[in-house]
Amino acid sequence: MLRHTLFVGLTALVVQLAWLSPLHAAAATAADSAPETESEAYAGQRLQEMASWLAGLEEYAVTMRAGYDVLQDSGQMIEFAELRKISLKRPDKARIEQQASDGVRDLLVFDGNDITILDASSNVFAQAPAPGANLDDAIHYLLDSLGLRLPLAPMLMTSFPETLRQHVVEVDLVEATDLLGPTTDHIAARTPEVDFQIWVTQGDEPWPLRIVINYRLLPGSPQFWANLSEWSRSPAFNSQTFLFEQPAGATRIPFAAQFLTGPAAEDAGAASSQGDKP
């Protein structure tokens, strides 16, 4: 059986974004030793403009088509894919619907009071109170206390600009391109653990349209990529958007019984590249 993920179900929550890791002082010192070029300054500014734009929006919706590499026991690298629809309304609500490449569907809902995760393949769900006052607090709880992983989690948080400032040690402009539709700035950046590229639309609305993350320290240097489309800053949310409706026959279980199966938190980085397909 092909290796897919160490977490049972909910493949939407598996790929770890390593730019959340602490910044290594040595890497920062090396990056600061050389004078900044004009293209580096521009790229850094555009990266911050994009992050500040997303962090400042009260609500938005986006569709993410993503893929990630998984190193097999044979040494072969296999890519798995997923489709995710993200709806976000600050200060404390989000809904993420996910369909994996094998057809399995999952759901994550922050309704302002609870965090609910539905594993549609098994028709089971787990629910826990969402501590804190906003979505940032709920996401931190999901990652740190519940031990789950949410791809590109920093992008959903108001702390996104500060996260980039703390963890990016190199950044530069690759080129401007029209291949994604609108003209975008193709930016390459590095943290101590990963290389990532991001394509940001030019103009007053700096939407990220594509992201590629290379986990260069993991065996085989696996990649995660995401194409982001159908951005809307005025989505048609209604009273049901952020409510969890329990499917017929669904069973509620503790998080630990289904959703925390897998490596300890300190080994979560390896989960992005290894594991058994459910």
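Everything numeric in this text was worked out from a predicted model, so none of it was measured.

Trainee: I tried to follow helix H3 (residues 135–145) on my own but got confused; where do I start?
Mentor: For an α-helix, 3.6 residues make a turn, and residues three or four places apart therefore share a direction. Those residues of H3 lying buried are Leu135, Asp136, Ala138, Ile139, Leu142 and Leu143. The buried residues of H3 occupy an angular sector of 165° when the element is viewed end-on, so they sit on one face. Those residues of H3 hidden inside the fold are in contact with strand E2 (77–89), strand E3 (93–100), strand E4 (105–111) and strand E5 (114–119). Downstream of H3 by a residue or two, Gly147 has a phi angle that is positive, lying close to 75°.

Trainee: Even after reading the chapter, I still don't get the packing of aromatic side chains, so can you show me in this structure?
Mentor: Given two aromatic rings, one states the distance between the centres and the angle between the planes to describe the pair. Enumeration over the complete set of coordinates arrives at six aromatic pairs. Both rings, one in Tyr60 and one in Trp231, keep their centres 5.5 Å apart while their planes meet at 55°; by these two values the pair is tilted. Placement of the pair is Tyr60 in strand E1 (residues 59–71) and Trp231 in strand E11 (residues 223–232), with a sequence separation of 171 residues. For Tyr60, a relative accessible area of 1% puts it in the buried group. Classification of Trp231 as buried rests on a relative accessible area of 16%. When the centroid spacing of 5.1 Å and the interplanar angle of 45° are considered together, the rings of Phe125 and Phe244 count as tilted. One end of the pair, Phe125, is in strand E6 (residues 124–129); the other, Phe244, is in the loop between E11 and strand E12 (251–252), and 119 residues separate them in sequence. For the pair Phe125 and Phe244, one class covers both residues: buried. Sitting over the face of the ring of Trp199, Arg210 holds its NZ or CZ atom 5.4 Å from the ring centroid.

Trainee: Before we go on, may I ask you to explain the environment of Ile78 in this structure?
Mentor: By the element assignment, Ile78 lies in strand E2. Taking C-alpha positions, Ile78 is 8.2 Å from Tyr68, a pair spaced 10 residues apart along the chain.

Trainee: Just to check I follow, could you spell out the pairing of E6 for this structure?
Mentor: The two faces of the sheet receive side chains in turn, since in a regular strand these alternate between them. Bridge analysis of E5 against E6 gives six bridges, and the strand direction is antiparallel. Note that in E6 the partner of Ile115 across the bridge is Ala128. Where E5 folds back onto E6 in an antiparallel hairpin, the turn is made up of four residues, including Asn123, whose phi is positive at roughly 55°. Here two bridges tie E6 to E12, and the two strands are oriented parallel to one another.

Trainee: What's the story with the pattern of salt bridges in this structure? I'm lost.
Mentor: Side-chain pairs of opposite charge can arise whenever the charged atoms involved come near each other. Summed over the entire model, instances satisfying the criterion amount to 10 salt bridges. A salt bridge links Arg165 to Glu162; the shortest N-O distance between them is 3.0 Å. Pair noted here: Arg165 and Glu162 are both in helix H4 (residues 160–167), with a separation of three residues, about one helical turn. According to the relative accessible area criterion, Glu162 is partly exposed, its value standing at 35%. Close ionic contact of Arg233 with Glu205 constitutes a salt bridge, the shortest N to O distance being 3.3 Å. You can see Arg233 sitting in the loop between E11 and E12 and its partner Glu205 sitting in the loop between strand E9 (195–201) and strand E10 (208–214), a full 28 residues away along the chain. One salt-bridge network, in which partners are shared between bridges, spans Arg46, Glu49 and Asp185.

Rules used throughout
Residues numbered from 1 in each chain as written. Predicted model: local features only at pLDDT ≥ 70, side-chain atom pairs only at ≥ 80, totals over all residues. Heavy atoms only, no water. Buried < 20%, exposed > 50% of the residue type's maximum accessible area, 1.4 Å probe, protein only. Helix = DSSP H or I, 4+ residues; strand = E, 2+ residues; numbered from the N terminus. Arc of directions from axis to C-beta. Contact = heavy atoms within 4.5 Å. Phe/Tyr/Trp six-rings, centres within 6.5 Å; stacked < 30°, edge-to-face > 60°. Lys NZ or Arg CZ within 6 Å of the ring centre and 35° of its normal. Pairing = 2+ DSSP bridges. Salt bridge = Lys/Arg side-chain N within 4 Å of Asp/Glu carboxyl O.

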